[in-house]
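Structure at a glance
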Amino acid sequence: AKHPEIKALMKPDYNLIWVVVLMVLAQMTAFYLVKDLDWKWVVFWAYVFGSCISHSMTLAIHEISHNSAFGNSKAMWNRWFGIFANLPIGLPYSISFKRYHMDHHRYLGGDGIDVDIPTNFEGWFFCTRFRKFIWIVLQPFFYAIRPLCINPKPISRLEIINLLAQLSFDVVIYYLWGVKSIFYMLAGSVLGLGLHPISGHFIAEHYMFLKGHETYSYYGPLNLLTFNVGYHNEHHDFPNIPGKSLPLVKKIAAEYYDNLPQYNSWIKVLYDFVMDDTISPYSRMKRQLKGEVKQD
C-alpha cells in the first residue's frame with residue numbers, strides 16, 4: 001500500500017527463458033567434453049562446474065514454479081518448460097517441486113504440510129558437529145525422501161511425464177556419450193546440492209540463528225548464480241515477482257528490509273551451522289495449522 005510501484009514488478013521475466021536454454025546447452029556441451037576424460041577429471045569438473053550449473057538450474061526451476069518464465073496466464077507453458085530445464089539435472093524433480101513448494105509458501109512451517117521442515121529423526125540424530133556436517137553432505141537425499149515421510153501425495157500425470165522425459169533423456173545421453181557423461185550429470189547434481197557454497201541458501205533461508213526471526217535474506221555475490229534466491233524475505237513477501245526484480249523491491253521498500261538480520265556469506269552460514277552447538281535441524285519454526293488446508 002505504501003509503495004504501489006512494486007506492482008509494476010509483478011510480470012514475467014522473459015530473459016529467464018534464454019538463460020535456461022543457454023544453461024541446458026552448456027551442460028550438453030559439458031556432457032560431450034567429459035566423455036573421454038580420465039575419471040579424476042570427470043569428478044573434478046562435476047564438482048567445479050557441473051555442480052554450479054545443476055544447483056543454479058534447480059533455482060531456475062524454482063523461478064519457473066512461480067510462473068516467472070511465461071506468466072500466470074500460461075501456467076502449462078511454465079510446467080513444460082520446467083520439465084525441459086530439469087533434463088540436465090538427471091533426476092525428475094520439476095513437477096514435484098512445484099507441488100510441494102506452493103505448500104511451503106502458503107503454509108510456511110506448517111507441521112505435516114511444509115516438507116522444507118526437517119523430520120523429527122533429522123533433528124534428533126544430526127545434533128553433533130560431525131553429524132551436522134554429514135547432514136549437509138546428504139541434503140539431496142533428505143530433500144528427496146522427506147516429502148514421502150511428511151506429506152506423501154498421489155502421483156500426478158505431469159509427474160509421470162516428467163519421469164518418462166527424464167529417463168528418455170538419460171538413456172539418450174548414455175547411448176551417445178557413455179557412462180562418464182551420466183556420472184558427470186548425476187554427480188554434479190548430488191554434489192551441488194550437498195557440500196557446496198551455494199547450498200548455504202538451504203540453511204540461510206529459514207533456520208533461526210536468531211530467535212524471533214524466521215526468514216533471512218542473503219545479499220552476497222552468489223545471487224548472480226541463483227536468480228536472487230538470497231533475497232528471501234522479499235521473495236516470501238512477493239512470490240509473484242521474478243528473482244531478477246527482487247533487488248528493486250528491497251531498494252523501493254528499504255525501510256522494511258534494511259534493518260532485518262541478513263547474511264553476506266553462505267559459506268559462513270554452513271560453517272556456523274556445523275560449529276554452533278545451539279543450532280541443529282530442529283532450529284526451525286513449526287506451526288500447528290488450523291482451519292481448512294488446500295494443497296496442490
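An unreviewed UniProt entry annotates the protein chain as Sphingolipid delta(4)-desaturase DES1 originating from Neodrepanis coruscans. As stated in UniProt under Subunit (unreviewed entry), the record for the protein chain gives "Interacts with RLBP1; the interaction increases synthesis of chromophore-precursors by DEGS1."

With that settled, the discussion passes to the nonpolar core. Looking at soluble globular proteins, one finds that nonpolar side chains tend to be buried together. One finds V20, M57, W135, I203 and F273 to be the most contacted residues of the largest nonpolar core, which totals 36 residues. The set of elements that each furnish at least two residues to this core consists of α1 (15-34), α2 (39-65), α3 (75-86), α6 (129-137), α10 (200-204) and α14 (266-275). Excluding anything up to four places from it in sequence, W135 contacts P118, E122, F126, F142, R146, I203, Y207, F273 and P281. In terms of nonpolar packing, the next biggest core, distinct from the first, is built from 12 residues, V34, V42, A46 and L87 among them.

We now examine the UniProt feature "domain: Fatty acid desaturase" (unreviewed entry) in the protein chain. Look at the UniProt record and you will see "domain: Fatty acid desaturase" (unreviewed entry) annotated at residues 40-262. Within residues 40-262, the helical portion is 61% and the strand portion 1%, while the C-alpha atoms at the span's ends are 38 Å from each other.

All told, the structure shown has 13 salt bridges when counted by the stated rule. Salt-bridge contacts for R129 lead to D277; the nearest nitrogen and oxygen are separated by 3.2 Å. Of this pair, R129 sits in helix α6 while D277 sits in the segment after α14, placing them 148 residues apart in sequence. Under the relative-accessibility criterion, R129 is labelled partly exposed at 38%. Two residues, D258 and K250, come together in a salt bridge whose shortest N-O distance is 2.8 Å. Taken together, the shared-partner salt bridges connect D103, R106 and K153 into one network.

Rules used in this analysis
- Residues numbered from 1 in each chain as written.
- Predicted model: local features only at pLDDT ≥ 70, side-chain atom pairs only at ≥ 80, totals over all residues.
- Heavy atoms only, no water.
- UniProt positions renumbered as here; feature names shortened; annotations may be inferred.
- Core = buried A, V, L, I, M, F, W, Y, C linked by side-chain atoms within 4.5 Å.
- Buried < 20%, exposed > 50% of the residue type's maximum accessible area, 1.4 Å probe, protein only.
- Helix = DSSP H or I, 4+ residues; strand = E, 2+ residues; numbered from the N terminus.
- Contact = heavy atoms within 4.5 Å.
- Salt bridge = Lys/Arg side-chain N within 4 Å of Asp/Glu carboxyl O.

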